[in-house]
Amino acid sequence: MGFRNIIIEGNRKLHVKNQQLVIECGKDVKIPLEDINSILIENQSVVVSAYMLQKFADLGIALYVCDDKHLPNGVLLPMVKHSRHYKLLKCQIEMGKPLQKRLWQQIVVQKIRNQSLCLEFSGREGGEELKKMCREVQSGDRTHVEAKAAAFYFRNLFGSGFSRGEEHIINAALNYGYAIVRGMIARSIVCYGMEPSLGLFHCSELNHYNLADDFIEPCRPIVDLYVASKLDMSQSSAVLAPEIKRGLYGIINFEMQIKGEKRILGNCIDNMVASYSSALQEKCEGLNLPELMQLQVHRYE
């Protein structure tokens, strides 16, 4: 996996030459493909070559594009190249309900635990109450503790009047960050040979990323923590300025903990998805799920 995450905001031409991405901007900028983790194209006038798209797909580089509101609305995913894709697809389709419910229970528990940590790290109250809710989650979360915890959590994080259904800068920032993380998860699912539309809990026939929407749940609090550290409801009428969006895109450079080790978010996602592949093949019964830390950018040595 590369380590550079690049945002293209200006009118540029992008192509690949000699295993390097070439950004034409007066004086060409060249970046080795092996160094690139993801690229976000914000400007709709950017021109890319078909060969560049091919190489990105070959190397699993995530390429995000934005809509006319400059919000991420698509990500390039490689056609499945995994040697055991059919085997894993059968495992996904034939997964038994007991295992499906146990894995979703694990995801919900870790999501609520990370929400508790988010409140703690941001200096808000309610963390202990969320920890108690973790113990109430049953197999398959049939009593809907996740929804109750979410309502409690967002009111404590952003104020009693906050609602996820309203249009303001807080929700715009959250949605932007979630879209970036969701794309990274979808890429990892495909690279590990699985079908992203076959989810554990999410099962909409209109959603190509049901499984990504399952696995994003324990990762959402890192976006929440970042947004809570930068914005509050007193700024609700503000717009999502370019510098805010650049910061949100940079969340994929932050660290979380997985199995007690600090890892960059992309590595945590890969580890989580790999553990799901193992669970499908009955090699383990538990998922490796990321734990929230204080916001910290990963440093490469």
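First, a word on what this report is: a plain description of the structure on this page. Computed from a predicted model, the values in this text were never measured in an experiment.

1. Digging into helix 2 (residues 85–94)
For helix 2, the set of buried residues is L88, C91 and Q92. The buried residues of helix 2 occupy an angular sector of 100° when the element is viewed end-on, so they sit on one face. Facing away from the buried side of helix 2 by over 90 degrees, the exposed positions are Y86, I93 and E94. Turning to helix 2, the residues buried within the fold contact helix 7 (210–215) and helix 10 (265–280).

2. Examining the nonpolar core
Residues I112, F158, L174, I185, F215, V227 and Y276 are the most contacted members of the largest nonpolar core, which totals 75 residues. Considering every element that reaches this core, the biggest residue donor is helix 6 (residues 169–191), with twelve residues. If we skip the residues at most four places from it in the chain, F158 touches I170, L174, D224, V227, A228 and M233. Counting 16 residues, the second-largest nonpolar core is a separate cluster that includes L14, I36, V46 and L63.

3. Things to note about the sheet that holds strand 3 (residues 20–24)
Taken together, four strands build an open sheet; the order of strands is 4-3-2-6 and the sheet is mixed. Two strands lie at the open edges of the sheet, namely strand 4 (29–32) and strand 6 (47–48), each paired on one side alone. Both strand 3 and strand 4 contribute to a ladder of four bridges, which runs antiparallel. Within strand 4, the position partnered with Q20 by the bridge is P32. Where helix 1 (residues 50–59) meets the sheet, its contacts fall on strand 2 (13–17), strand 3 and strand 6, and the angle it forms with strand 2 comes to roughly 65°.

4. Concerning the layout of surface pockets
Here the largest pocket defines a volume of roughly 380 Å³. As for the largest pocket, its lining consists of 18 residues, of which L71, H168, N171, A172 and N175 are closest to the centre. Looking at the lining of the largest pocket element by element, the count peaks at six residues for helix 6. The space that makes up the second largest pocket amounts to roughly 300 Å³. Around the second largest pocket, the lining is made up of 15 residues, and of these P72, Y178, A179, R182 and G183 lie nearest the centre. Those elements that place two or more of their residues in the lining of the second largest pocket are strand 8 (72–75) and helix 6. Counting residues per element, the lining of the second largest pocket draws most heavily on helix 6, which supplies six residues.

5. Some points on the packing of helix 4 (residues 127–134) against helix 5 (residues 145–158)
The relative placement of two packed helices comes down to the angle between their axes together with the axis-to-axis distance. One way to put it is that helix 4 packs onto helix 5 with a least axis distance of 10 Å and a crossing angle of 175°. With respect to helix 5, the axis of helix 4 lies roughly antiparallel. The residues of helix 5 that touch helix 4, namely those facing E129, L130 and M133, are V145, K148, A149, F152 and Y153. Classifying every residue of the contact of helix 4 with helix 5 by side-chain character gives six nonpolar, no polar and two charged.

Reading the values: rules and limits
Residues numbered from 1 in each chain as written. Predicted model: local features only at pLDDT ≥ 70, side-chain atom pairs only at ≥ 80, totals over all residues. Heavy atoms only, no water. Buried < 20%, exposed > 50% of the residue type's maximum accessible area, 1.4 Å probe, protein only. Helix = DSSP H or I, 4+ residues; strand = E, 2+ residues; numbered from the N terminus. Arc of directions from axis to C-beta. Contact = heavy atoms within 4.5 Å. Core = buried A, V, L, I, M, F, W, Y, C linked by side-chain atoms within 4.5 Å. Pairing = 2+ DSSP bridges. Axes fitted to C-alpha atoms, helices over the stretch in contact; angles between N-to-C directions. 1 Å grid on protein atoms, 1.4 Å probe; cavity = no way out; pocket = protein on both sides within 12 Å on 5 of 7 lines; lining within 4 Å. Points joined across faces, edges and corners; volume = space filled by probe spheres on them. Parallel < 35°, antiparallel > 145°, perpendicular 65-115°, else oblique. Nonpolar A, V, L, I, M, F, W, Y, C, P; charged D, E, K, R; others polar.

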